[in-house]
Amino acid sequence: MRATWTAPLLLLTLALSMVSVRWSSGPSAGEAHEAYADLYRTRLAAFSEAQQALLATIGQQDPATDDGRAAIRRGIQEARARMKAMDLWLRYLEPISYKRINGPLPVEWETEVFEKYEKPYKREGAGLTLAELYLDESGVRRDSLLQLVQASLAATQVFAADSITQRLATPDHFFLCERLFLLDLAAIYTTAFECPDTGRVIPELRAMLKEVEGIHEAFNTGFPRTPLPTAYRARYHAAIAFVDAQPDAFSRFDHFLFLRDHVGPLFTMVQELIGGYGVRSRSYMDYALNKQARTIFSKDLYTGQDAKGLFRRVSDPAALAEIERLGRSLFFDPLLSGNGQRSCASCHAPGMCFTDTGAATPIAFDHSGILPRNAPSLVNADLNHLLMQDGRHISLQAQARDVLTNPREMGGDAVKVLRRVMDCPDYRRGFEALLVHTPQEPAVTLEHVLSAVTFYYTRFSGYRSPFDRAMDEGAMLAPEVVRGFNLFMGKAQCATCHFVPQFNGVKPPYIGSEFEVIGVPEQPAYASLSPDLGRYEVNPAVETAHAFRTGGLRNIARTAPYMHNGVFRSLREVIDLYDTGGGAGRGLEVPNQTLSPDPLHLSEREKEQLEAFLHALNEDLPPAPPPTALPRSRDKAFDTRTIGGDY
Amino acid sequence: MRTPHLLLLAIIAFVAVTSRCTSQKELAYDLPPGTEGDSATAFVEHWRKGKVLYALNCGGCHDTLVNGRKVVPDFSLPQLLDYEMRYQYPAHDDRLREVDVSIAELDDIQVYLQYKKRSGVPVAPLPKPQPPPKVN
């Protein structure tokens, strides 16, 4: 069904377009590209003018009256339309200024992937979305509205700077803008993420798609040597026709078909163009994205974590197999714990999707009580940029080191653990033989040991679900699953936090992890808010109290109990939490809740459909049996240790 | 299976011993002013790792041939801008990701480049990115 003919056609078009092409990127390419830069400048001017007009309207109208508010709202909508006409450029070319034009939250704490070793920093949002939200508040003040729009206008002016416009002179940025645009089509634009008025999501989308077609036209005029091929433009046009034929109502939009038949194939084509034209990036917006990823739903779309750690440069299959063998054995080996009784598998049981479905939260070290947080599944853990529910770790290896030496968890001592590992001749021989691959390390370190462990368990992140196969290969899904996905993306608003394609808190361009406050209760009956401060423990700021990193939803049907404290035993209880507006919707005091406290009004049938969709995210995980024996130790006391630990 | 490993181990041991002998010559760094005791030990450790990691990850493109010998050029401080280095230069695109060179490793490389003895060779004007491959 899904047009497989596009790939050969695309390649043919590409080949034709590249016959006797000279790669010249400087102004010597002629004045042609000016046509493209002109469109940029024209749209930038129109956007600035719309904001100036809006400022004038706010100055003249009284926001305390219905008529005044209506006039201001029209002005905001007009300015938004001008913004959407060049969103493809704005978002990519200067993302920080863009936040001042269209920031979804008044205050955001950010820790982006390349800066994750630095402290999170505060960014104050401004712009049109916030102005519109603010307009609906009681006691709205004219000068506050003016400030929000003035900040946006000032940020818009940044886009006229030479440092930005000179990038319009070469074609590279365009393909990267287009790629990000497609990812935003998949994950952001259709989900009401930054369009608070859901009634306008689809009309805005329609208008934007057409404006982008104008950009395509100008690009092909400006850069005839590296054009968007006819096949691409035809498919893009089909996407417009599809959205045109959809109803205006946001809740009835067919996200499934839009993604499977339009955005997905376009993404595959743009990746082929990026590879074929040798497009180079100079922007951190492409930092995590992989040029080799063929589809939006391929697991290598972006890189979250370095699974191999110290062994990152190893590509020899025999060496990798040996690292995996050592890692598997260590994963089940209680030698890594202080009392020789616990292993990684104690709380992350491979037979239970690498979590513990039997306990809300794990038993603490030496049976001294229980731990405060649920043990998450390790499957797909590497698709996050920050690890742990409060995001305290930046690498899988740092996380592993922490658990190992945490007196409440595995209670080990870094020096002793390494000695114990090296006291087993099998481990010693294995790691010493691998030293050739890490010439900067003269001897085996704990980092080698931890890297083997992370390499082992991240192998299980490479699998796919029926939903992925439906998206990428056109496999059939039950109609209930498709309806569930459409609810997930639309009415139920799940996708405004659990982003396509991994359904975790990592959104395009996939360079950071998001945190949310949803007001999870301490008990299933909602008598009180969970006292756990979450992200606040790492980054104490009023906005972060009770915030937790958004979890991924792949395999979620297998990984009960749910939430940071394991308070809910069933998916239905979790869906009910969202349906009733989180903790705040249930009357708990959660002043900084980021989830709307308004009910979703989901019917029984709709909740079943959501669950059906979530079940379709169960991946084809292979069995992960424990090793039949653990390596012998020179210390006889350890030779009776239990595979996988005692508790 | 075992023999090649033992052979490699023997080579490593040999290299380790010989490199210790020549360490005075190999470790040609300028200690940052005021670095002594534990921090000097830590510095040397970072510098030493950085030197190996530079050779592994960067030297192939950046070392410059002078009279038939490969020389590590002198990078200037502003050129060694942390993570920005990963994407600022088109040639680094797809080559200097965290899965290629980790944050800690890049830090070590920067320590090495910043404090190695000057070679007097500037960072060569590097070739422009290659033309796009022909698609067929």
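On a predicted model such as this, the values are computed, not experimentally measured, just so you know. (Residues numbered from 1 in each chain as written. Chains lettered and ligands numbered in written order. Predicted model: local features only at pLDDT ≥ 70, side-chain atom pairs only at ≥ 80, totals over all residues. Heavy atoms only, no water.)

### Re the overall build of chain B
Summing up its helical and strand segments, chain B has 6 helices and 2 strands in all. Within chain B, the fraction of its 136 residues that count as buried is 31%. In chain B, once contacts between residues fewer than 6 apart in sequence are set aside, the share between residues at least 24 apart is 64%. Of the roughly 8600 Å² that chain B leaves accessible, carbon and sulfur atoms contribute 62%. (Helix = DSSP H or I, 4+ residues; strand = E, 2+ residues; numbered from the N terminus. Buried < 20%, exposed > 50% of the residue type's maximum accessible area, 1.4 Å probe, protein only. Contact = heavy atoms within 4.5 Å. Areas by Shrake-Rupley, 256 points an atom, 1.4 Å probe, with all protein chains shown as cover.)

### A short note on the confidence of the model for chain A
Residues at a pLDDT of 70 or more form 94% of chain A, whose mean pLDDT is 92. Counting contacts from residues 1-28 of chain A, a segment whose pLDDT is below 50, to residues more than four positions away or on other chains yields 48 contacts. (pLDDT = per-residue confidence, 0-100.)

### Thoughts on the nonpolar core
All names here are of chain A. Ranked by size, the top nonpolar core spans 147 residues in total, and within it Trp89, Phe181, Phe467, Phe488 and Phe503 carry the most contacts. Here this core takes 11 residues from helix H9 (residues 172-187), the largest share from any one element. Not counting residues within four places of it along the chain, the set of residues in contact with Phe467 comprises Phe256, Phe297, Leu477, Phe485, Phe503, Phe613, Ala616 and Leu617. One finds Ile323, Leu418, Leu450 and Tyr457 within the second-largest nonpolar core, a separate group that totals 44 residues. (Core = buried A, V, L, I, M, F, W, Y, C linked by side-chain atoms within 4.5 Å.)

### Here we look at the packing of helix H5 (residues 95-102) of chain A against helix H7 (residues 142-158) of chain A
All names here are of chain A. Viewed as axis vectors pointing N to C, H5 and H7 meet at an angle of 150°, and their least axial separation amounts to 8 Å. Classified by the angle between their axes, H5 and H7 sit roughly antiparallel to one another. H5 and H7 meet at a crossing whose hand is left-handed. In this structure, H5 contributes Ser97, Arg100 and Ile101 to the contact, and H7 contributes Ala151, Ser152, Ala155, Thr156 and Val158. Counted by class, the contact of H5 with H7 contains 4 nonpolar, 3 polar and 1 charged residues. (Axes fitted to C-alpha atoms, helices over the stretch in contact; angles between N-to-C directions. Parallel < 35°, antiparallel > 145°, perpendicular 65-115°, else oblique. Left-handed = near helix turned anticlockwise from the far one by under 90°. Nonpolar A, V, L, I, M, F, W, Y, C, P; charged D, E, K, R; others polar.)

### Focus on helix H13 (residues 317-331) of chain A
Residue pairs three or four apart in sequence face the same way in an α-helix, which turns once every 3.6 residues. Residues and elements named next belong to chain A. The terminal C-alpha atoms of H13, which comprises 15 residues, lie 21 Å apart, in line with the 21 Å expected from a rise of 1.5 Å per residue. What H13 keeps buried is the set Ala319, Leu320, Glu322, Ile323, Leu326, Gly327, Ser329, Leu330 and Phe331. Looking at the buried positions of H13, the neighbouring elements they touch are helix H14 (344-347), helix H16 (414-422), helix H17 (425-434) and helix H18 (446-458). (Expected span 1.5 Å × (residues − 1).)

### Considering the packing of aromatic side chains
Residue and element names in this part refer to chain A. Considering all chains together, one arrives at 43 aromatic pairs over all chains under this definition. Aromatic pair Phe174 and Phe219: ring centres 3.9 Å apart, planes at 15°, arrangement stacked. Placement of Phe174 in helix H9 and of Phe219 in helix H10 (residues 201-222) is noted, with a sequence separation of 45 residues between them. Arranged with centres 5.1 Å apart and planes meeting at 80°, the rings of Phe467 and Phe613 form a pair that is edge-to-face. Of the two residues, Phe467 is situated in helix H19 (residues 466-473) and Phe613 in helix H23 (residues 604-615); the sequence distance between them amounts to 146 residues. (Phe/Tyr/Trp six-rings, centres within 6.5 Å; stacked < 30°, edge-to-face > 60°.)

### Examining the pairing of strand E1 (residues 107-110) of chain A
Residues and elements named next belong to chain A. Residues Glu108 and Glu110 of E1 are buried on one face, while the alternating residues Val107 and Trp109, pointing to the opposite face, are not. When E1 meets strand E2 (residues 121-124), the two strands line up antiparallel, connected through 4 bridges. Looking at E2, one finds that Trp109 is bridged to Lys122. (Pairing = 2+ DSSP bridges.)

### What to know about the side chain of Arg260(A)
Tracing the backbone through its elements, the reader meets Arg260(A) in helix H12 (residues 255-276). Only 2.8 Å separates the side chain of Arg260(A) from the side chain of Asp261(A), close enough to count as a polar contact. (Polar contact = N/O pair within 3.5 Å; in protein donor to acceptor, adjacent residues only side chain to side chain.)

### With respect to unusual backbone geometry
Both trends apply: most residues other than glycine have a negative phi, and most peptide bonds are in trans. Residues and elements named next belong to chain A. The amide bond that connects Val500 to the next residue, Pro501, takes the cis arrangement and shows omega of 5°. Turning to its location among the elements, Pro501 is positioned in the loop between helix H20 (479-489) and strand E3 (515-516). The phi dihedral of Asn555 falls on the positive side, at around 65°, and the residue is not glycine. Mapping Asn555 onto the fold places it in the loop between strand E4 (548-549) and helix H21 (571-579). Assessed through its relative accessible area of 1%, Asn555 is described here as buried.

### Concerning the pattern of salt bridges
Across all of its chains, the model carries 58 salt bridges over all chains by this definition. Residue Lys291(A) is joined to Asp94(B) by a salt bridge in which the shortest nitrogen-to-oxygen separation is 3.6 Å. Linking Lys291(A) in the loop between H12 and H13 with Asp94(B) in the loop between helix H5 (84-88) and helix H6 (103-115), this pair reaches from one chain into another. You can call Lys291(A) buried: its relative accessible area is 18%. Judged by its relative accessible area of 27%, Asp94(B) is partly exposed. For Lys607(A), the salt bridge goes to Asp579(A), with nearest N and O atoms at 3.3 Å. Taken together, the positions of Lys607(A) in helix H23 and Asp579(A) in helix H21 put the pair 28 residues apart, joining distant regions of the chain. One network of salt bridges, in which partners are shared, links Arg80(A), Lys84(A), Glu132(A), Asp197(A), Arg200(A) and Glu204(A). (Salt bridge = Lys/Arg side-chain N within 4 Å of Asp/Glu carboxyl O.)

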